[in-house]
Structures are given as C-alpha cells and as structure tokens.
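Examining the three-dimensional arrangement
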Amino acid sequence: MRERLVPHAVAATVTTVVLAPLALPGYVLRYDMVFVPRPALSWEVIAPATALPRAVPQDAVVALASQLLPGWLLQRLVLVAILYLAALGAARLVPTQRVGVRVVAALGYAWTPYLAERLLIGQWGLLVAYAALPWLVRAAIGVRDAERGALRRLLLAVAASAITPTGGLLALVVVAVLLVGRYPGATRTALTGVGTTLLLNAPWLVAGFVSTGSGRSDPAGVAVFAARAENWAGPLVALAGTGGIWNGQATPASRSGWLIPLATLLVLAVAGYGVPVLWRRWPRPVVGRLGWLAVASWLGAALGVLPGGAGLLGWLVTAVPGAGLLRDGQKLLVPYVLLLAVTGALGAERLAGRLATRFDLATGRVLLAGAALLPVAVLPDLAVGGAGRLRPVAWPADWETVARLVDERPGEVVSLPFQEYQSYAWNGGRVVIDPAPRYLGVSVLIDDTLRVDGTAVAGEDPRAARLRELLAAGEPVAAAGPRWVLVQRAAGPTRTRRRWPGCGPCTPGPSWRCTRIRRGVRRRGRATPARWAWRTCWPERWCWSSFLRALRDGATAW
C-alpha cells in the first residue's frame, strides 16, 4: 500500500506547490497559453486556411471540451494533469522496488528547467506530451513483453501527445523506435502501433497539406530560436541541464546562478552511474534505443549552436515545408529529460546501496533524500507558479461584447495593433498571444511576424503579409477586405468616443473599439469601400498610424 500511495502523494505535492496561484479565480494568460470562457469551434480552428497548423488539433480539442466545462476549470484540469501525471509516470517507469528511488525519479522529471521554461512560455500542449512520455515508454515495454492491454495504453498516450504537432512527432518517433524489433508478433504490433500513431497525427498533417501557405519558414528564426546560454557555462551545458530555451523571459532567475553548471555535472555523473543498473533491469534493446533517442534529441536541441548546424537548419526551413518545426530545437529534449531522470534515480539508488553497505542504512536514506530534493534546491523559483509569474486574471467584460457584435454579423476581423503578441494592463503587463482568434468565432487576421531583440522573423501566413504590404504602401486597413476592425486600446493610446457618418457602428469599450466597415457607400460620387473607410473611420486611421509607429520605433512585446 505504501509503495502505491507515496508516488501519488509526491505527485500531488508537486502539483500543489507549483500551481498554488491557480487557487485564485480567473485565467492564467501568458505567452502561448490562452484559455477563454467559451472558445468557438470553426474551420479556421480545425484547419487554418493559410497559416501553419501549429495549434492543430489543440485549439479544436479545447473548443470541444469547453462545450462541457468552463474555460477556467479546463485550464486548471489540464495544468494539474500535466504536473501530476509527469511525476507519477516517472515514478512508475523507473525499474526499482524502493519507494525512495521512485520519489527521486518523480521529482527529477516533474521539477526540471525544461518543464519550468515551457510552462512559463505557455506551451501547455507540448507539456501534455512531456507528461505522457513516461506512460508511453512503459506501455511500449509492456507491448514487447506481451503484456495484456499494453497496446491500448500506448495508443492512449500517443493520442494525448498528438494534441500538438511537436508532441505527435515525438510520439511517432518513440513508437517507431521502440516497437520495431525482434519479439513475438513484432511485425503486426509495430505496423498497428506506427499506423495508428500516424492516424492520430492526421489532423495537423492534413491541415498542413491543405493550407494555401508554402509551409516554408524564415531562416532568420534559426538564430533567434537557437538554444541560449543561461549562465557562464554556455548553451550546451544549459541543454545538458534540460534548460536553454531561446526566450530569456521564460527562464527562471535561478538558472543564472554560478553553481548551476556544477549541479548539472553532478546530475550527469550520477545518471551515468545508473546506466549499468538500467541495462540489467530493462530489455537491452529498449535501453539501447531509448539511449539513442536521448542522444538524438539532445543533438537536435543543440543543432542551432553546433558548428555548421545553423546553416543546415537554415537550408531545411527554406527548402522543406514544415521544417520550421525544428527551429526551436530545445523543445525536442523530452526523451533526454526522461532518460536523465530514470538513470539519475537509479544512480542515486546504487550510490545509496554502497553507502549503506559501507556505513549504515540511514546514510543511504539521507543520500536518497538529498537526491530527491536536489531539483527543488537548484530550481526554487518553479514553486508558487514560477515565483508568481503564473497569476490568474479576469477577462474584461467587454471582450464578451466584442464576441456578441461579431457573432451578429460574422466576417473576417483584423486585430490591431497589428502584432502577434500583446501586453495588457489588466493582465499585469504580462505578454500573451493575441486572444482574438480564440475568443471570436470567426477568422481573425493578426501579424505572425515575431520580433525578438530587434530581429524580425517573418511569419508564414500570406494574408498577414499582404496586409503588411498594404499598410506599408499607405493603404487603409479596409483595403484588405475585412468586415471588422478590432482596435485593442489596452495595447495603445486612448481616444475619445466618436462616430462618423457613412461608417459602420464604432462600438467603444473600456479596452477596445470594434468598427464594422460598410461597403459601397456613396459620397460626392462613387468611392471604393477601402477609400471610404479610410476617409470616415478614425479607428482604422489611428490603427494604421499606430502600426507605422510600431515599425518606426521597433515596438515589440518580446
């Protein structure tokens, strides 16, 4: 009974400590993490017409689940499941009978720089795959051992992982590597597993094929998304410690400590000491293949900073559609992180056994306790929502008014200021991806250009590129043919309320103005819709000016 309860207790404790701020009401809105009260399910969510399917089928799954649960509750359930299942999965995966070793594995996987950084950048869909990987590997071992129900558990883990393209791709590689081999029924099992995994990845694969975009990415993103040094030891050591994310604002402050590289070397040494134990307790083909996966994932993460790697990645993203998925290589570290947690726990067990033999049993237990607490000691600012950075806020009530107005007269919306990421005062100034596409039930056009430290990484959406060209040429927003222009005043200066004849209703709110563009209006002869909207609707003119100011001043939310 104790062996079963302790891992659950540890998983619950980790979840509570990390997600403590979510006890407050509201929504956590940070970078790519945007949950809204009732997201709309539309074809643009299922298969974006022009943009790359980065959030397919994630947004569609959230929209479906939100028909049953409010958004604030769904967000909490997802985040709790990530932390809880990551800790519990690692505890159950490690091949040992000692409860203390399972605790070391649980904390070694659920309290990592990788999890902290991806949580702080809001990529919860990727973390679903992170939490599912221990269960997937355990099920794959069960499949090879002809364990009853193992294939069903494996496919369930794959289905969870495939909520994002990166997670689905990782699951596909792991399944193909671990299931192919020599064991009873290997051919049939491998074909079933790999084939079903491909089908589970079909939503984003099909969406990518039917998109009218080219699927090729800006090579400037290779340098922007390359692994980043977090302290004096450089990016390679940061990756070895499961950190190194490209965005410094998603890096916990403790990662800059001068002792962190030494702690990383200690963990690597203990993990290496545990490899022979894993080699004895797991089937050797599984250990070997998982080891190669871990090495490959680390090399993939480091490719952008290795000699010649940036050039290779630059060629790939411009020549191969969809290869932009590989620019942010640090997110591929998941197999490496898992193997490091498992071998680290077994290395601690081996060391504890030696100390217990040489001294006494209590000495070995002290070492296991220290190994379990080491991740917390070197990364204390993951606690309490990343030291308070994951803090819920309430959606302004006028967002619901915008949704109602657009729903009454559906049509494409241009969201201004024309930038992908916004910073709102009501969100504590925290950066978040423009929520309009998820909040409104229609197609919303935002600029997918990413600006990082003065470098602009061009997006892949041709519609956004066309609107940028129109604005740069002095044309009004209406020239792009939208039905609505949403001006988010919380991200720009405040204007007085005003209505103009011949223009659709300029509906004001505390943090926005939503303007409907009328078409074919006559005044002093026939005027084109674009020219008429430009002459009479100050919101469009102000937004166009704001956009030019943003280009001139290099304004960015990053």
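Treat the numbers as computed from the prediction; the structure is a model and nothing was measured.

A few points about the pairing of strand 1 (residues 413-416)
Of the two faces of strand 1, both are covered, the one formed by Val413 and Ser415 as well as the one formed by Val414 and Leu416. In the sheet, strand 1 pairs with strand 4 (residues 444-445) via two bridges, with the strands oriented parallel. Within strand 4, the position partnered with valine 413 by the bridge is valine 444. Examined bridge by bridge, strand 1 and strand 7 (residues 484-488) share four bridges and lie parallel to one another. For valine 413, the partnering residue across the bridge sits in strand 7 and is tryptophan 484.

Section: a nonpolar patch on the surface
Taken together, the side chains of Trp232, Trp258, Leu259, Leu262, Leu265 and Leu268 present a nonpolar region at the surface, about 690 Å² in accessible area. Topologically, leucine 259 is positioned in the loop between helix 13 (235-240) and helix 14 (260-281).

Things to note about the confidence of the model for the protein chain
Across the protein chain, the average pLDDT comes to 87, with 87% of residues at 70 or higher. Considering only residues more than four positions removed or in separate chains, one finds that residues 492-503, a stretch of pLDDT under 50, has 29 contacts. Note on residues 520-558: pLDDT is under 50 here. Beyond four places in sequence and across chains, it has 72 contacts.

A few points about the side chain of glutamate 117
For glutamate 117, the location among the structural elements is in helix 6 (residues 113-120). The side chain of glutamate 117 is buried and forms no salt bridge, while arginine 255, the nearest opposite charge, is found at 4.4 Å. Here glutamate 117 is in contact with Glu230, Gly243, Gly244, Ile245, Ala250, Thr251, Pro252, Arg255 and Gln330, once residues within four sequence places are set aside.

Regarding the packing of helix 10 (residues 186-200) against helix 11 (residues 202-210)
It is at 5 Å that the axes of helix 10 and helix 11 come closest, and there the two elements cross at 55 degrees. Considering their axes alone, helix 10 and helix 11 lie oblique with respect to each other. Contact residues: helix 10 offers Leu198, Leu199 and Leu200, while helix 11 offers Ala202, Pro203 and Leu205.

Quick notes on the side chain of aspartate 328
Looking at the element boundaries, aspartate 328 is found in the loop between helix 16 (309-319) and helix 17 (334-358). Only 2.8 Å separates the side chain of aspartate 328 from the side chain of arginine 118, close enough to count as a polar contact.

A closer look at the packing of aromatic side chains
Overall, the coordinates contain eleven aromatic pairs when judged by the stated rule. When the centroid spacing of 4.9 Å and the interplanar angle of 80 degrees are considered together, the rings of phenylalanine 225 and tryptophan 246 count as edge-to-face. Here phenylalanine 225 is found in the loop between helix 12 (220-224) and helix 13, whereas its partner tryptophan 246 is found in the loop between helix 13 and helix 14, with 21 residues between them in sequence. Judged by its relative accessible area of 11%, phenylalanine 225 falls in the buried class. Relative accessible area serves as the criterion here: at 9%, tryptophan 246 is assigned to the buried category. Of the aromatic side chains, those joined through ring pairs into one cluster are Tyr27, Trp395, Trp399, Tyr424, Trp426 and Tyr439. For the cation-ring pair, arginine 350 lies above tyrosine 273, with the distance from its terminal atom to the ring centre recorded as 4.0 Å.

As for helix 5 (residues 99-110)
Taking 1.5 Å per residue, twelve residues should reach 16 Å; helix 5 reaches 16 Å between its end C-alpha atoms and fits that length. With ten of twelve residues buried, helix 5 is to be regarded as a mostly interior element. Among the residues of helix 5, Val99, Val101, Arg102, Val103, Val104, Ala105, Ala106, Leu107, Tyr109 and Ala110 are the ones counted as buried. Tucked inside the fold, the buried residues of helix 5 contact helix 1 (2-18), helix 4 (71-93), helix 6, helix 7 (124-144), helix 17 and helix 18 (361-378).

Reading guide: rules and limits
- Residues numbered from 1 in each chain as written.
- Predicted model: local features only at pLDDT ≥ 70, side-chain atom pairs only at ≥ 80, totals over all residues.
- Heavy atoms only, no water.
- Buried < 20%, exposed > 50% of the residue type's maximum accessible area, 1.4 Å probe, protein only.
- Helix = DSSP H or I, 4+ residues; strand = E, 2+ residues; numbered from the N terminus.
- Pairing = 2+ DSSP bridges.
- Patch = residues over 30% accessible without salt bridge, like charges linked within 9 Å, V, L, I, M, F, W, Y side chains within 5 Å.
- Areas by Shrake-Rupley, 256 points an atom, 1.4 Å probe, with all protein chains shown as cover.
- Salt bridge = Lys/Arg side-chain N within 4 Å of Asp/Glu carboxyl O.
- pLDDT = per-residue confidence, 0-100.
- Contact = heavy atoms within 4.5 Å.
- Lys, Arg positive; Asp, Glu negative; His and termini not counted.
- Axes fitted to C-alpha atoms, helices over the stretch in contact; angles between N-to-C directions.
- Parallel < 35°, antiparallel > 145°, perpendicular 65-115°, else oblique.
- Polar contact = N/O pair within 3.5 Å; in protein donor to acceptor, adjacent residues only side chain to side chain.
- Phe/Tyr/Trp six-rings, centres within 6.5 Å; stacked < 30°, edge-to-face > 60°.
- Lys NZ or Arg CZ within 6 Å of the ring centre and 35° of its normal.
- Expected span 1.5 Å × (residues − 1).

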